[in-house]
Amino acid sequence: MKIFNTLSRRKEEFVPLEPGKVKMYVCGPTVYNYIHIGNARPMIVFDTVRRYFEYKGYEVNYVSNFTDVDDKIIKKAIEEGVESEVISRRYIEECKKDMEGMNVKPATTHPQATQEIASMLKMIQTLIDKGYAYAAFDGTVYFRTDSFRDYGKLSHKNLDELQSGFREIKVTGEEGKESPSDFVLWKPKKEGEPYWDSKWCQGRPGWHIECSVMAKKYLGEQIDIHAGGEDLIFPHHENEIAQSEAANGKPFATYWMHNAFLNIDTNGHVQKMSKSLGNFFTVREISERYDLQVLRFFMLSAHYRSPLNFSAELMEASKSGLERILTAAERLRDAGKAAEREKAAGTQGMSASEQENRTLAEELAFKYEAAMEDDFNTADAIAAVFELVKLSNSTVSPDSSAAYIDFMKELLEKLCGVLGILTVRKAEALDEEIEAMIEARQQARKAKNFALADEIRGKLLDMGIVLEDTREGVKWKRV
Ligand code: AMP
Ligand code: ZN
């Protein structure tokens, strides 16, 4: 498996630190609002990377943080007249709902910065003890970039150039810095801000130290993959490397992966989608127009290192592409039901021509894997899925053998599953869930467990489903 490593700017063969295991850290969002679809790109892309590793049999420890202490959160809290925690808790919950809608698996751990302050204070102290950091007169603690020889190795920047660049910009409040490229590890509180006690001052951590500490706590001092959007290469990830490698005395992440931007064209200006430019759509807004599976499919239709322009046309194209896959999967399920009867009758395996088609399908699965092995080329993997859909549509009929139908159905479901694409339409899945609940209620009634039966009826009611007991059985309708 080959991964493009930002550190070497080359594709490299993936070699895990521990055989069969992947330790992966993905920088998560700052939670002060609903996430926008630019933020959704790394979530979808790296969830797919995780799913592919799992498909290959790796055990993946996937950690993705929520930054829940930050100027923007504090600002929003002041605007609403509530504690910062109220804001962050609210948007973490909303973000998790969006993730579920996009079929992004929950991380193994979703740490929150405010819960890890003690470990941050410890790492900052280690950096001071080792001479990599210093406290200024006002209690601010800075990382001494001069002291870390490899500073700039990820972003391929030269420290001298960086410093002369920084020198132009004089920032008030940073008079205690030894050098302009030094960055904050701990800063004093301002009036009305959340703060924690420390020996340097009452204050809060800088953004970069959070990730170094959370990666260490939940994954260890050395990790396989560290990922995020390309805007994080400098300074965030460069600074994470400096902190972690200086504190731990070991290389931090073996592979650094960065997704390109999701852009949007406004009046001929193609720009990165971002909150500050105000040119964004939230995932929630998109969910009002499209099933979020369409958004996921749209994101994966491009290679993660290629810029992607968001547009209504491309979303429509993704919608119809996804629809083609869903229709093929539905046909396979229907044909499968018909074939069940034949299977029950104990008849036949694949015909000679079906066996030939199975070989063709296997070649497509091979093509799909080859694309994913080549730095997760989901665009080419999806092209292989479309070829499989075409083969299925032209070769599966109600007369096909159960063995052939099952093979094609399972293969299509598997290849889509690795991409996190569900092959059952949401409405259909919901109908099945409702029917299963009604059946469970019938069983409860038969067993005279009326409390359980009522509970299920109540749950259905909450879902907007009313039941009607008729002579022909239980009927249901949406209200
Ligand atoms: P933020 O909340 O701004 O720290 O961003 C959270 C994650 O979303 C980071 O990995 C960013 O790099 C990523 N991100 C933000 N905007 C975009 C965008 N327009 N395209 C792709 N990734 C983005
Ligand atoms: Zn981070």
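Sequence order sets the numbering: in each chain, residues are counted from 1 along the sequence as written. In the order they appear in the text, chains get letters beginning with A and ligands get numbers beginning with 1. Local features are withheld for residues below a pLDDT of 70 in this predicted model, meaning they are given only at 70 or higher, and side-chain atom pairs are given and counted only at 80 or more; totals for whole chains, interfaces and linings count all residues. Values reported for side chains reflect all heavy atoms of the structure, with hydrogen atoms and water molecules removed beforehand.

With respect to the domain arrangement of the chain
(1) Moving on: Considered domain by domain, the chain is made up of domain 1 (2–259), domain 2 (312–418) and domain 3 (426–478).
(2) Moving on: Domain start and end points were adopted from an automatic or database domain assignment. Centre-to-centre separation of domain 1 and domain 2, based on C-alpha positions: 41 Å.
(3) Moving on: Once two parts are put together, the accessible area they lose, assessed with a 1.4 Å probe and summed over both, is termed the buried area. When domain 1 packs against domain 2, close to 1100 Å² is buried across both sides, 58% of that on carbon and sulfur atoms.
(4) Moving on: Contact with domain 2 buries surface across domain 1, with Lys2, Tyr52 and Tyr55 losing the most and accounting together for 53% of the total.
(5) Moving on: Basic side-chain nitrogens of Lys or Arg form a salt bridge, by our definition, when they fall within 4 Å of a carboxyl oxygen of Asp or Glu. Linking domain 1 with domain 2 are three salt bridges, by the criterion used here.
(6) Moving on: A salt bridge links Asp374 to Lys11, with the shortest nitrogen-to-oxygen separation between them at 2.8 Å.
(7) Moving on: Whenever a nitrogen or oxygen atom comes within 3.5 Å of another N or O atom, the pair is scored as a polar contact, on the condition that within protein one atom can donate a hydrogen and the other can accept it, and that pairs from neighbouring residues in sequence are kept only if both atoms are in side chains. Joining domain 1 to domain 2, the criterion identifies eight residue pairs in polar contact (both at pLDDT 80 or more).

Describing the packing of helix α11 (residues 352–373) against helix α12 (residues 378–395)
(1) Moving on: Axis lines are fitted through C-alpha atoms, for helices just across the contact stretch, and the angle between N-to-C directions can take any value from 0 to 180 degrees. Helix numbers and strand numbers start at the N terminus; a helix is a DSSP run of H or I with at least 4 residues, a strand a run of E with at least 2. Contact pair α11 / α12: the axes reach a minimum separation of 7 Å and the direction vectors enclose 170 degrees. One finds that α11 runs roughly antiparallel with respect to α12. Considering how the two elements wind past one another, α11 and α12 form a crossing that is left-handed. Facing Asn357, Leu360, Ala361, Leu364, Lys367, Tyr368, Ala371 and Met372 of α11, the residues of α12 in contact are Thr378, Asp380, Ala381, Ala384, Val385, Glu387, Leu388, Leu391 and Thr395.
(2) Moving on: As a working rule, the residues Ala, Val, Leu, Ile, Met, Phe, Trp, Tyr, Cys and Pro are called nonpolar, Asp, Glu, Lys and Arg charged, and the rest polar, with Gly in that last group. Residue composition of the contact of α11 with α12, grouped by class: eleven nonpolar, three polar and three charged. Any angle that is under 35 degrees is reported as roughly parallel, and any over 145 degrees as roughly antiparallel; angles of 65 to 115 degrees are reported as roughly perpendicular and all others as oblique. Two helices that cross are described as forming a left-handed crossing if the nearer one is turned anticlockwise from the farther one by less than a right angle, and a right-handed crossing if clockwise. Should any heavy atoms of two residues lie within 4.5 Å, those residues are considered in contact.

Quick notes on the environment of Ala361
(1) Moving on: Structurally, the position occupied by Ala361 is in helix α11.
(2) Moving on: For the pair formed by Ala361 and Pro111, sequence separation is 250 residues and the distance between their alpha carbons is 42 Å.
(3) Moving on: Excluding anything up to four places from it in sequence, Ala361 contacts Leu388, Leu391, Phe407, Met408 and Leu411.

A word on helix α1 (residues 37–55)
(1) Moving on: Relative to the 27 Å expected for 19 residues at 1.5 Å per residue, α1 spans 26 Å between its end C-alpha atoms, a close match to the ideal helical length.
(2) Moving on: Note on α1: the residue one or two positions beyond its end, Gly57, has a positive phi of about 95 degrees. Multiplying one less than the number of residues by 1.5 Å gives the expected span of a helix.

A short note on the coordination of the zinc ion (ligand 2)
(1) Moving on: Distances from the zinc ion (ligand 2) to its protein donors, namely Cys27 (SG), Cys211 (SG) and His236 (NE2), fall within the range 2.0 to 2.2 Å.
(2) Moving on: Any nitrogen, oxygen or sulfur atom within 2.8 Å of a metal ion counts as a donor, with the limit raised to 3.2 Å for Na, K and Ca, and since water is left out, coordination shells can look unfinished. Going along the chain, you hit the donors of the zinc ion (ligand 2) in the pattern C-x183-C-x24-H. Here His236 lies in helix α7 (residues 233–248) and Cys211 lies in helix α6 (residues 207–219), a separation of 25 residues in the sequence. A single burial state applies to Cys211 and to His236, both of which are buried. For each residue, the accessible area found with a 1.4 Å probe, counting protein chains only, is set against the maximum for its type, and the residue is called buried under 20%, exposed over 50%, and partly exposed in between.

Quick word on unusual backbone geometry
(1) Moving on: In this structure, the amide linkage connecting Phe234 to the following residue, Pro235, adopts the cis form with an omega of 5 degrees.
(2) Moving on: Residue position: Pro235 is located in helix α7.
(3) Moving on: Of note, Asn267 is a non-glycine position whose phi angle comes to about 50 degrees, a positive value.
(4) Moving on: Relative to the helices and strands, Asn267 is located in the loop between β11 (262–266) and β12 (269–272).
(5) Moving on: Owing to a relative accessible area of 79%, Asn267 belongs among the exposed residues under this scheme.
(6) Moving on: Despite not being glycine, Lys448 shows a phi value in the positive range, around 60 degrees.

Comments concerning the sheet that holds strand β13 (residues 308–310)
(1) Moving on: When DSSP locates at least two bridges between a pair of strands, those strands are taken to pair. A sheet is described by the order of its strands in space; here three strands give the open sequence β12-β11-β13, paired in mixed fashion. This sheet does not close on itself; its edge strands, each paired only once, are β12 and β13. Each adjacent strand pair in this sheet contributes to an overall mean axis angle of 40 degrees, direction not counted.
(2) Moving on: Examined bridge by bridge, β11 and β13 share three bridges and lie parallel to one another. Each bridged residue has a counterpart across the sheet, and for Leu262 the counterpart in β13 is Leu308.
(3) Moving on: In this fold helix α9 (residues 292–300) packs onto β11 and β13, with an angle of close to 145 degrees to the strand it touches most, β13.

Regarding the site of ligand 1
(1) Moving on: One heavy atom within 4 Å of a molecule or strand makes the whole residue count as near it. With respect to spatial proximity, 18 residues lie near ligand 1, and among them Gly38, Gly229, Asp231, Leu262 and Met273 are the closest.
(2) Moving on: The side chain of Asp231 places a nitrogen or oxygen atom 2.4 Å from an oxygen atom of ligand 1.
(3) Moving on: Between ligand 1 and Met273 there is a distance of 2.8 Å, counted from a nitrogen atom to a backbone nitrogen or oxygen.
(4) Moving on: Of all elements in the fold, only α1 and β9 (223–229) reach the threshold of two or more residues within the shell around ligand 1.
(5) Moving on: Top contributing element to the shell around ligand 1 by residue count: α1, with three residues.
(6) Moving on: Residues that form the shell around ligand 1 fall into these classes: eight nonpolar, eight polar and two charged.

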